[in-house]
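Residues per chain, in single letters:
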Amino acid sequence: QVQLVESGGGLVQAGGSLRLVCAASTKIFSINRMCWYRQAPGKQRVLVAAIDSGGRRNYVDSVKGRFTVSRDSAKNALYLQMNSLKPEDTGVYYCNVQRLGLVSDLWGQGTQVTVSS
């Protein structure tokens, strides 16, 4: 069973930076897309950034120009570089891996990001 473990969250002042890391316990095959989701208190989980198997990236409008998603296939890792953080970026960030075929998505346990004003 593949496990995803996020790290790198924490408390930071507005304008600061954090780098989130999602590490997989084993090699993941047939990856379609790897994503970062955020769940703010009392709100639904939303897609923040994604990178597909061809390296194409997309972002929610609110983080464009500030966040960068990347992956290292050799290390089975996904990253999210977050710069110029704002209080509205606060939430639990989850790593998600979507695979080809009729298999369920993989989810990490989440890492808390808190941005103070």
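As a reminder, the structure under discussion sits directly above these lines.
Residues numbered from 1 in each chain as written. Predicted model: local features only at pLDDT ≥ 70, side-chain atom pairs only at ≥ 80, totals over all residues. Heavy atoms only, no water.

Q: Would you explain the pairing of strand β9 (residues 91–99) in this entry?
A: Residues in a regular strand project their side chains so that they alternate between the two faces of the sheet. A large share of β9 lies buried, amounting to 7 of its 9 residues. Two strands pair when backbone bridges link them, and strand β4 (residues 31–39) and β9 are joined in this way by 8 bridges, in the antiparallel orientation. Bridge pairing in β9 links W36 to C95. Pairing of β9 with strand β11 (residues 111–116) involves 3 bridges; the strand directions are antiparallel. Paired with G91 across the two strands is V113, which belongs to β11. Counted along the chain from β9 to the antiparallel partner strand β10 (residues 106–107), the turn is 6 residues long, and its residue G101 has a positive phi close to 85°. (Buried < 20%, exposed > 50% of the residue type's maximum accessible area, 1.4 Å probe, protein only. Helix = DSSP H or I, 4+ residues; strand = E, 2+ residues; numbered from the N terminus. Pairing = 2+ DSSP bridges.)

Q: So what exactly am I meant to see when it comes to the side chain of D52 here?
A: Of note, D52 is situated in strand β5 (residues 45–52). A polar atom in the side chain of D52 sits 2.9 Å from the backbone nitrogen of G54. D52 has contacts with N32, R33 and R71, leaving out every residue within four places of it along the chain. (Polar contact = N/O pair within 3.5 Å; in protein donor to acceptor, adjacent residues only side chain to side chain. Contact = heavy atoms within 4.5 Å.)

Q: Where do I start with the pairing of strand β1 (residues 4–7) in this structure?
A: Burial along β1 is one-sided: L4 and E6 are buried, and none of V5 and S7, which face the opposite way, are. Pairing between β1 and strand β3 (residues 18–24): 4 bridges, direction antiparallel. Bridging across to β3, E6 finds its partner in C22.

Q: Could you clarify how one ought to interpret the state of the cysteines in this entry?
A: Note on terminology: a disulfide is the covalent bond linking the sulfur atoms of two cysteines. Scanning the model with the defined rule gives 1 disulfide in all. In this model C22 forms its disulfide with C95; the gap between the sulfur atoms is 2.1 Å. Torsion about the S-S bond of the C22 and C95 cystine: about -75°, corresponding to left-handed handedness. With a gap of 73 residues between them, C22 in strand β3 and C95 in strand β9 connect regions that are remote in the sequence. Residue C22 is classed as buried on the basis of its relative accessible area of 1%. Among the cysteines around C35, which has no disulfide bond, C95 carries the closest sulfur, lying 8.5 Å off. (Disulfide = S-S within 2.5 Å.)

Honestly, it's all geometry; don't read function into it.
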